[in-house]
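For reference, the chains in residue letters:
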Amino acid sequence: MAKQRQQVTIYLFKDDVADFADVVAGGTLVPVRAGLPFVAAVYTKSAPPAAPKWLTYVAAVSETTPKLENASASAVILIKTSGRIFAVSFGFGRNIIDTDKIEYGFGLRVVLNIVNHSSLKSIDAKSFDTITRHTLSQINVGSSLEAFGIDTYRDLLRAVVGSPTNCERFGKQVVGKDALAISIASDVAALAATCDELLIHYDKDTYKSKFAFVDNIVLVKSPQVVAALNDILVAAVKNKDSENIYLGPPDVVDWGRIGGFSYSSQGSNKDTFDDLDADDLFNALEKRGEIDLNAIKGLKIREHSNETNDIVNRWSAYKGIAFETDYNSARYVLSFGNWFEVHKDFASDINTYVDGISSALTLPLPTAHKKEVEGDYNERASKNSSGSLALLDKKNIVIGGSQIEVCDLISLDRHLIHVKRKTRSATLSHLFAQGLVSAQILYQDKNARKLISAKLPTAYKMVISPTGQLDPSTYTVVYAIITGTKKDINDALPFFSRVNLANQAKLLIAMGFNVALHKIEIA
């Protein structure tokens, strides 16, 4: 007969947390059974039954209003062992504890150390850029890391699901994020010993054999450095620096079930925003009065159900902010409530590569006007070029059912010029990706070259020949960025935009294309 098992979700609190009272954010304390072989406390919480929001719609069709209600129950067991405090959560138990005090990445680190590297099933990753991209990738059979298309230069692992090397001990599947979800023997007396064992796995560095890239971006643990970085953040918030502060959910959101977001400073839950925006954050903070770190951390962003408008999740505004800054000659990033330092060797490799990308091309590109949109700029640049630039902006071709813009401008010298204004509404990721995708299509698809050639003026027909093989070494993909910065364009890019550029440029060069940057100044 198979041994009974219990699925549990386990959190580890930071090592400066000493008492249960320090980690409880709500719930009702329940007496603990006498004779347990460890120190523990139990808290529970339940929500009163409530009718779902969609019930009124159903009632408009049914003869009588159905009596339907939703309810939820939560519990958490707090355990003190090996000098640390753990929380074993059930239901929505995470809402009972203060998640600001949990050890970031505890579950992830444990899983990376105990998982079978060829049996990964799901990876949750965040890709840093001027705007953070959050992806959840799943595969129907256990596979290695390579199958998930993880960008080891830019992606930060947030969660991993896979089969452990010891299924008898941890169950058939382990899930690691901030919390660890595993299946353990149902013997409650062994719970503390299990936590002790997990702490040992957390401290190992076995993960480096297959996941060494996770150290490219490392958590900042120095209180002094974190305090200094927070001071920089507070100053940016006070200055309403919406070009460098971005806001988004710290976890993957099921947008099909979300009715909107609200801020705790609103008081009422009735008024919600469809999306998250830094300007709304600034306004919400102003309503609270003095803006400081406590105000930012204390402001809660609430996630509402589209069925009942009930709050289904909430997090500190601090956890939703993405922000990038320099401090003491190092690069730091704030994401989902934690500061990360970019490893110096990693940063050096990226900076050296990007600094090597040419920015010295002489191109007939005029300065841009203030508030001039990219389309107007491209048209003006072409008209004023005395025939040396042809306009391809918005002259898309259709390949495989998709609209493809080859470039914005093309020169007789075979410069494929992609123009983008550097603003908070348009991340440079799109610019760099566009250059790679269009170059791949030019190189691989003869029919695409034919379609593009048909859109070119007569003098340009042979710049992209509809016949024969394309020689990529005769073409240069130019990323032309409209910006008011006084810096050289190579130095003006945010670090994670530089990472993105380096990755795209390496792929372009591998195909044989040349790559260049060009700064378009603003008059």
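Source: prediction; values computed, not measured.

**Description of the overall build of the protein**
Thought 1: From N to C terminus, the protein includes 15 helices and 25 strands.
Thought 2: Projected onto its principal axes, the C-alpha coordinates of the protein cover approximately 90 × 55 × 55 Å.
Thought 3: Of all intrachain contacts in the protein linking residues separated by at least 6 positions in sequence, the fraction that spans at least 24 positions is 68%.
Thought 4: Accessible area for the protein stands at about 25100 Å²; split by element, carbon and sulfur atoms hold 50% of it.
Thought 5: Positive and negative side-chain charges of the protein, numbering 58 and 58 respectively, have mean locations separated by a distance of 2 Å.

**Some details on the sheet that holds strand β13 (residues 258–263)**
Thought 1: Ordered by their spatial adjacency, 3 strands build an open sheet running β13-β14-β15, and the pairing between neighbours is antiparallel. Of all strands in the sheet, those bounded by a partner on one side alone are β13 and β15 (311–316). Here the strands of the sheet are splayed against their neighbours by 20° on average, with no regard to which way each runs.
Thought 2: Across 5 bridges, β13 lies against strand β14 (residues 300–305) in antiparallel orientation. Bridge pairing in β14 links Tyr263 to Ile301.

**Some thoughts on the pattern of salt bridges**
Thought 1: Within this structure, the stated rule accounts for 14 salt bridges.
Thought 2: For Glu290, the salt bridge goes to Lys238, with nearest N and O atoms at 3.8 Å. Of this pair, Glu290 sits in the loop between α7 (278–288) and α8 (293–298) while Lys238 sits in helix α6 (residues 223–238), and the two are 52 residues apart along the sequence.
Thought 3: A residue is classified by how much of its surface remains accessible, and Lys238, at 46% relative accessible area, is partly exposed.
Thought 4: Ionic pairing is found between Lys240 and Glu286, a salt bridge with its closest N-O pair at 2.9 Å. Residue Lys240 is found in the loop between α6 and β12 (245–247), and its partner Glu286 is found in helix α7; the two are separated by 46 residues along the sequence.

**Topic: a negative patch on the surface**
Thought 1: Judged by side-chain charge, Asp15, Asp16, Asp19 and Asp22 come together as a negatively charged surface patch.
Thought 2: Within the fold, Asp19 resides in the loop between β1 (5–12) and β2 (28–30).
Thought 3: Given the relative accessible area of 41%, Asp19 is considered partly exposed.

**Quick look at helix α13 (residues 446–454)**
Thought 1: Considered for burial, the residues of α13 that qualify are Ala448, Arg449, Ile452 and Ser453. For α13, the angular spread of buried residues about the axis comes to 135°, placing them on one side. Exposed residues lying more than 90 degrees from the buried face of α13 are Lys450 and Ala454.
Thought 2: Along its buried surface, α13 packs onto β20 (397–399) and α12 (428–444).
Thought 3: At the N-terminal boundary of α13, the capping side chain belongs to Asp445, with an oxygen 2.9 Å from the backbone nitrogen of Asn447.

**Things to note about the sheet that holds strand β23 (residues 415–421)**
Each strand in a sheet pairs with another by means of backbone hydrogen bonds, the pair being arranged parallel or else antiparallel.
Thought 1: With mixed pairing, the 5 strands of this open sheet are ordered in space as β19-β22-β23-β24-β25. One side of each edge strand has no neighbouring strand; the edge strands of this open sheet are β19 (389–391) and β25 (514–520). Recorded for the sheet is a direction-independent mean angle of 25° between the axes of neighbouring strands.
Thought 2: Across 7 bridges, the pairing between strand β24 (residues 476–482) and β25 is parallel. Note on β25: the bridge partner recorded for Ile481 is Lys519.
Thought 3: Most of the contacts of helix α11 (residues 374–383) go to β19, to which it runs at about 140°, and overall it touches β19, β22 (409–411), β23, β24 and β25.

**Some thoughts on the packing of helix α2 (residues 106–114) against helix α4 (residues 191–203)**
Thought 1: Where α2 meets α4, the closest approach of the two axes is 8 Å, and the angle between their N-to-C directions is 80°. Taken as axis vectors, α2 and α4 run roughly perpendicular relative to one another. Residue-level contacts link Phe106, Arg109, Val110, Asn113 and Ile114 of α2 to Leu198, His201 and Tyr202 of α4.
Thought 2: Counted by class, the contact of α2 with α4 contains 5 nonpolar, 2 polar and 1 charged residues.

**Observations regarding the side chain of Gln434**
Thought 1: Mapped onto the elements, Gln434 comes out in helix α12.
Thought 2: Each residue touching Gln434, except ones within four places of it in the same chain, is listed here: Glu405, Asp408 and His418.

**So, the pairing of β1**
Thought 1: Examined bridge by bridge, β1 and strand β10 (residues 180–185) share 6 bridges and lie antiparallel to one another. In the strand pairing of β10, Val8 is matched with Ile182.
Thought 2: Across 4 bridges, the pairing between β1 and strand β5 (residues 84–91) is antiparallel. Pairing of Leu12 across the sheet is with Phe86, part of β5.

**Quick look at the environment of Lys208**
Thought 1: Summarising the element assignment, Lys208 is placed in helix α5 (residues 208–211).
Thought 2: Given a relative accessible area of 40%, Lys208 falls into the partly exposed group.

**Quick notes on the environment of Ser242**
Thought 1: As for its position among the elements, Ser242 is in the loop between α6 and β12.
Thought 2: With 146 residues separating them in the primary sequence, Ser242 and Ile96 have C-alpha atoms 33 Å apart.

**Here's the deal with the packing of aromatic side chains**
Thought 1: Taken as a whole, this structure holds 11 aromatic pairs when the rule is applied.
Thought 2: When the ring of Phe261 is compared with that of Trp315, the centres are 6.1 Å apart and the planes differ by 70°; the resulting orientation is edge-to-face. One end of the pair, Phe261, is in strand β13; the other, Trp315, is in strand β15, with 54 residues separating them in the sequence.
Thought 3: Judged by centre distance (6.0 Å) and plane angle (80°), the rings of Phe346 and Phe495 are edge-to-face. Separated by 149 residues along the polypeptide, Phe346 in helix α10 (residues 344–355) and Phe495 in helix α15 (residues 495–511) bring together distant segments of the chain.
Thought 4: Relative accessible area serves as the criterion here: at 4%, Phe495 is assigned to the buried category.

Calculation rules
Residues numbered from 1 in each chain as written. Predicted model: local features only at pLDDT ≥ 70, side-chain atom pairs only at ≥ 80, totals over all residues. Heavy atoms only, no water. Helix = DSSP H or I, 4+ residues; strand = E, 2+ residues; numbered from the N terminus. Contact = heavy atoms within 4.5 Å. Areas by Shrake-Rupley, 256 points an atom, 1.4 Å probe, with all protein chains shown as cover. Lys, Arg positive; Asp, Glu negative; His and termini not counted. Charge placed at Lys NZ, Arg CZ, Asp CG, Glu CD. Pairing = 2+ DSSP bridges. Axes fitted to C-alpha atoms, helices over the stretch in contact; angles between N-to-C directions. Salt bridge = Lys/Arg side-chain N within 4 Å of Asp/Glu carboxyl O. Buried < 20%, exposed > 50% of the residue type's maximum accessible area, 1.4 Å probe, protein only. Patch = residues over 30% accessible without salt bridge, like charges linked within 9 Å, V, L, I, M, F, W, Y side chains within 5 Å. Arc of directions from axis to C-beta. Polar contact = N/O pair within 3.5 Å; in protein donor to acceptor, adjacent residues only side chain to side chain. Parallel < 35°, antiparallel > 145°, perpendicular 65-115°, else oblique. Nonpolar A, V, L, I, M, F, W, Y, C, P; charged D, E, K, R; others polar. Phe/Tyr/Trp six-rings, centres within 6.5 Å; stacked < 30°, edge-to-face > 60°.

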